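Observations on chain architecture
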Amino acid sequence: MFDPVQLQTFLAVAQTLSFTQAAHRLGLRQSTVSQHVRKLEDAAGRRLFARDTHAVDLTEDGEAMLGFARTILEANERAATFFTGTRLRGRLRFGASEDFVLTRMPEVLEEFRRDHPEVDLELTVELSGTLHELLAAGRLDLVLAKRPPGPARGRATAPTGRLVWRDRLVWVGTDRLRLDARRPVPLVVFPPPAVTRARALEALERQGRDWRIACTSGSLNGLIAATRAGLGVMAHSLGMIPPGLVRVPSRAGLPDLGGVDFVLLYGERDGAARGPADALADAILAGGDRLQLP
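Notes on the structure in this doc start here. (Residues numbered from 1 in each chain as written. Predicted model: local features only at pLDDT ≥ 70, side-chain atom pairs only at ≥ 80, totals over all residues. Heavy atoms only, no water.)

1. Looking at the side chain of His116
Within the secondary structure, His116 sits in the loop between α5 (105-115) and β4 (119-126). Judged by relative accessible area, His116 falls into the buried class, the value being 11%. (Helix = DSSP H or I, 4+ residues; strand = E, 2+ residues; numbered from the N terminus. Buried < 20%, exposed > 50% of the residue type's maximum accessible area, 1.4 Å probe, protein only.)

Laid out in structure tokens, this is it:
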């Protein structure tokens, strides 16, 4: 009933909330992406996206289709691997940013290990900025990390990457915290070269707002604990706000932090890690909705 190609296109649009970005990820024309989505909606008999000239959002039926699409595509991939007899081997050095500590990333990795038991997977969890540096130094084969939207300005040799999803950075804190406009903003931040730290400081400097570092930790769990304790506010992606924290209301007067892309970036792809890196990247793209918090 449901065409796997159309389901793959649906997932790409659902994760990027953009027909243009989905077309870029899949190497298709935008009109083809629209056609795939329309045919899938016809097959389901339901509208999967609410879209206008400014935004694309999943409908309730689209949210339901996410789980079905992922399950169908994973089963299709396992069947194809079984009957073609191809078995991936080698070592894959994979880096994921701290943002995924609280998500269902372990499920994605567990399924990858089950489907490719002969791949020796090495996982590095670090700050996004550090992962970019390790990738450039040839110490990682595949990275899932944050970076500013669009091309990496100022770095002509920066890899293009594959967009997993696009999000916004927002200020989060405990609902009991009250900010005094006459006093410096207390910040809970990662150490450099964290993307969220740099964005928070740049935004406050542009606004001319005083700030102070109330807590620094290289662990996301440490930052969450400090923020829950009311030590300050932190910059965080909207789609992954940890339990126990809320978005700081606009009346607090904090500056806009802008958008952020979560991307998959490859290292040197000519070696034995190329096949495993492609397979894990496909698994992450197929299960990208599990990497966000409800």
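Next comes the rest of the account.
2. Some details on the packing of helix α1 (residues 4-16) against helix α3 (residues 30-44)
Relative to each other, α1 and α3 sit at 110°, their axes nearing to 9 Å. Judged on the interaxial angle alone, α3 and α1 are roughly perpendicular. Handedness of the crossing formed by α1 with α3: left-handed. Mapping the contact onto sequence places Val5, Gln6, Leu7, Thr9, Phe10 and Val13 in α1 and Val33, His36, Val37, Lys39 and Leu40 in α3. Partitioned by chemical class, the residues of the contact of α1 with α3 number seven nonpolar, three polar and one charged. (Axes fitted to C-alpha atoms, helices over the stretch in contact; angles between N-to-C directions. Parallel < 35°, antiparallel > 145°, perpendicular 65-115°, else oblique. Left-handed = near helix turned anticlockwise from the far one by under 90°. Contact = heavy atoms within 4.5 Å. Nonpolar A, V, L, I, M, F, W, Y, C, P; charged D, E, K, R; others polar.)

3. With respect to unusual backbone geometry
The linkage connecting Pro192 with the following residue, Pro193, adopts the cis geometry, with an omega of 10°. Mapping Pro193 onto the fold places it in the loop between β7 (185-189) and α7 (195-207). Non-glycine residue Leu17 carries a positive phi angle of around 50°. Relative to the helices and strands, Leu17 resides in the loop between α1 and α2 (19-26). Judged by relative accessible area, Leu17 falls into the partly exposed class, the value being 36%.

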